[in-house]
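# Report on the structure
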Amino acid sequence: NRLILATRNTGKIAELRAILEGAGLGIELIGADTYPDVPDIKETGVTFAENALLKAHALAKATGHPAVADDSGLCVDVLGGAPGIFSARWAGKHGDDQANLELLLAQLADISDEHRGAHFACAAALALPDGTERVVEGRLEGTLRHVPTGTGGFGYDPILQPEGETRTCAELTPDEKNAISHRGRAFRALVPVVRELVG
Ligand code: ITT
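Residues numbered from 1 in each chain as written. Predicted model: local features only at pLDDT ≥ 70, side-chain atom pairs only at ≥ 80, totals over all residues.

### Quick notes on the UniProt feature "binding site: Mg(2+)" (unreviewed entry) in the protein chain
- The positions that UniProt labels "binding site: Mg(2+)" (unreviewed entry) are, in the present scheme, Asp71.
- Structurally, aspartate 71 is set in strand S3 (residues 67-76).
- Excluding residues that lie within four positions of it along the chain, aspartate 71 makes contacts with Phe48, Asn51, Ala52, Lys55 and Ala123. (UniProt positions renumbered as here; feature names shortened; annotations may be inferred. Helix = DSSP H or I, 4+ residues; strand = E, 2+ residues; numbered from the N terminus. Contact = placed C-beta atoms within 7 Å.)

### Looking at the pairing of strand S1 (residues 2-5)
- Two elements, S1 and strand S2 (residues 28-31), share four bridges in a ladder whose sense is parallel. Its bridge partner lying in S2, leucine 3 is registered against leucine 29.
- The parallel pair S1 and S2, bridged by helix H1 (residues 10-22), forms a crossover whose chirality is right-handed.
- Sheet analysis places S1 next to S3, joined by two bridges and oriented parallel. Its bridge partner lying in S3, isoleucine 4 is registered against alanine 67. (Pairing = 2+ DSSP bridges. Right-handed = clockwise from strand over helix to strand, strands pointing away.)

### A few points about the sheet that holds S1
- Read across the sheet, six strands follow the order S2-S1-S3-S4-S5-S6 without closing on themselves; strand pairing throughout is mixed. The open sheet is flanked by S2 and strand S6 (160-162), the only strands paired with a single partner. Along the sheet, successive strands turn relative to each other by an average axial angle of 35 degrees, direction set aside.
- Against the sheet, H1 makes contact with S1, S2 and S3, and its axis sits at roughly 175 degrees relative to S2, the strand it touches most. (Axes fitted to C-alpha atoms, helices over the stretch in contact; angles between N-to-C directions.)

### Observations concerning the site of the ligand
- Taken together, 25 residues surround the ligand, and among them Thr7, Asn9, Ser87, Ala88 and Gly155 come closest.
- Residue assignment for the shell around the ligand shows that the elements contributing at least two residues are S3 and helix H3 (97-107).
- With five residues, S3 is the largest single contributor of residues to the shell around the ligand.
- Across the shell around the ligand, the residue classes break down as six nonpolar, 10 polar and nine charged. (Near = placed C-beta within 6 Å. Nonpolar A, V, L, I, M, F, W, Y, C, P; charged D, E, K, R; others polar.)

Take a look at the structure:
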């Protein structure tokens, strides 16, 4: 049996492989890049869960195999939850992590430390070719630094300091990040569901 990882984000793919292999799923994990002809999926949902399901269903239908998808983002308290589902294109161009992070820091320049609460959110969706679907969510609470620090991870990792940590997500090892992250939590919760529905 195959499980398609319905994402083109290389940072996510690396983390998903580590998380799912660590859970001992025993199913072959296939990146969406194996199916280059599947057109880009329009993320028209208004929640992480809706968008994750859209991506999982599109790949399951196109490939005839079960697919998991991740929709995720950074939700900033003082911005009412933004960038949220718009995290990947906050500065305009989809996937320009550097520009997104810089714009966000500029928007928060006058916000003091005690008001810099934020969390990462992740919806992990599973879809089968017959239309069966499941979705679970995970969060990582923290605060936002003023200056990016660390070289690990991707996206907004250099500015998110998890609760109880002195380092940013970009200073954690991959295993340390996966152990506490929104993505780690969501996909570990999805594992028993995959076992039940995919085998
Ligand atoms: P796919 O849709 O192909 O999965 P994407 O990059 O477009 O890839 P999203 O729409 O879910 O994915 O956008 C997620 C964005 O949220 C991503 O670009 C990052 O900027 C941010 N993000 C998500 N998880 C993160 C993490 O663990 N660390 C840092 N930033 C993260």
